[in-house]
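Here's the letter readout for the chains.
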Amino acid sequence: MTTSISELELQDMEARAAAAQPGPWKSLVEGRDFLSGSNIILTGESGEDIELSGATIADQDFIAAARQDVPRLIAEVRILRALLNQTK
């Protein structure tokens, strides 16, 4: 198994992130963040919130954070690749 991310894979990740509701997303968990209701992910002002069933709190927090994390990681990969290419 290779650990290197191809340019095509990076573009696919970027396209999925761009197609999702704009962020930031925020995880809200019943009993942790409020007293009653459903566990939800707030998807920002223009999107519909996501109600989750069966996900662990850690999974829900991960999904919500991924909306912000993935674009930042893609940008970081591109910066690092550009720096590597400058040194070649």
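Sequence order sets the numbering: in each chain, residues are counted from 1 along the sequence as written. With pLDDT at 70 or above as the cut-off, local features in this predicted model cover only qualifying residues; side-chain atom pairs require 80 or more to be listed or tallied, and sums for whole chains, interfaces and linings still use all residues. Side-chain figures throughout are based on the complete set of non-hydrogen atoms in the structure, without hydrogens or water.

**Quick notes on the overall build of the protein chain**
Test applied: Each helix is a run of H or I in the DSSP string that is no shorter than four residues. Each strand is a run of E no shorter than two, and both are numbered from the N terminus. Radius of gyration here uses only the C-alpha atoms, and the compact-globule reference equals 2.2 Å multiplied by the residue count raised to the power 0.38. A simple rule labels every residue: compare its accessible area, found with a 1.4 Å probe on the protein chains alone, to the largest value its type can have, and call it buried under 20%, exposed over 50%, or partly exposed in between. Only heavy atoms enter the contact rule, under which two residues are in contact if any of them lie within 4.5 Å. Throughout, the Shrake-Rupley method with a 1.4 Å probe supplies accessible areas, and for residues the shown protein chains are the sole cover considered. Positive charges come from Lys and Arg alone, negative charges from Asp and Glu alone, with His and the N- and C-terminal ends not counted. Every charge is mapped to an atom, namely NZ of Lys, CZ of Arg, CG of Asp or CD of Glu.
In terms of helices and strands, the protein chain carries two helices and three strands. Reading the protein chain from its N terminus to its C terminus gives the helix and strand order α-β-β-β-α. Relative to its length of 88 residues, the protein chain is extended, with a C-alpha radius of gyration of 17 Å against a globular reference of 12 Å. With the C-alpha coordinates of the protein chain rotated into their principal frame, the extents come out at 55 × 30 × 20 Å. Taking all 88 residues of the protein chain together, the buried fraction comes to 16%. Residue pairs at least 24 apart in sequence account for 48% of intrachain contacts in the protein chain once pairs closer than 6 positions are excluded. When the accessible surface of the protein chain is split by element, carbon and sulfur atoms take 58% of a total near 6,600 Å². Computed over 8 positive and 14 negative side-chain charges, the separation of the two mean positions in the protein chain equals 9 Å.

**Things to note about the layout of surface pockets**
Rules: Only protein atoms enter the 1 Å grid used here, on which a cavity is any set of points holding a 1.4 Å probe that cannot leave and a pocket is any open set flanked by protein within 12 Å on both sides along at least five of seven lines; residues with an atom within 4 Å of a point are listed as lining. Grid points are joined across faces, edges and corners, and a volume is the space filled by probe spheres set on the points.
Estimated volume of the largest pocket: approximately 160 Å³. Around the largest pocket, the lining residues are M13, R16, A17, A20, W25, I63, A66, R67 and V70. Among the elements of the structure, α1 (7–19) and α2 (57–86) are those that each provide at least two residues to the lining of the largest pocket. Among the elements that make up the lining of the largest pocket, the one with the highest residue count is α2 (four residues).

**As for α2**
Note the following rule: By definition here, a helix of n residues has an expected span of 1.5 Å times n minus one. Here the bend at each residue means the angle between axes fitted to two seven-residue stretches, the one ending at that residue and the one beginning there.
Between its terminal C-alpha atoms α2 stretches 42 Å, which fits the 44 Å expected from 30 residues at 1.5 Å a residue. At A66, α2 is bent by approximately 45 degrees, the largest bend along its length. Every buried residue of α2 is accounted for by Q60, A64, R67 and I74.

**Considering the sheet that holds strand β3 (residues 50–51)**
The line we're drawing: Whether two strands pair comes down to DSSP finding at least two bridges between them. Whenever a helix is involved, its axis is fitted only over the stretch in contact; in every case the axis is a line through C-alpha atoms, and angles between N-to-C directions fall within 0 to 180 degrees.
Strand order in the open sheet formed by three strands is β1-β2-β3, and the pairing between neighbours is antiparallel. Of all strands in the sheet, those bounded by a partner on one side alone are β1 (26–28) and β3. Pairing of β1 with strand β2 (residues 40–42), which is carried by three bridges, proceeds in the antiparallel orientation. Pairing of L28 across the sheet is with I40, part of β2. Strands in contact with α2 are β1 and β2; relative to β1, the strand with the most contacts, it is inclined by about 155 degrees.

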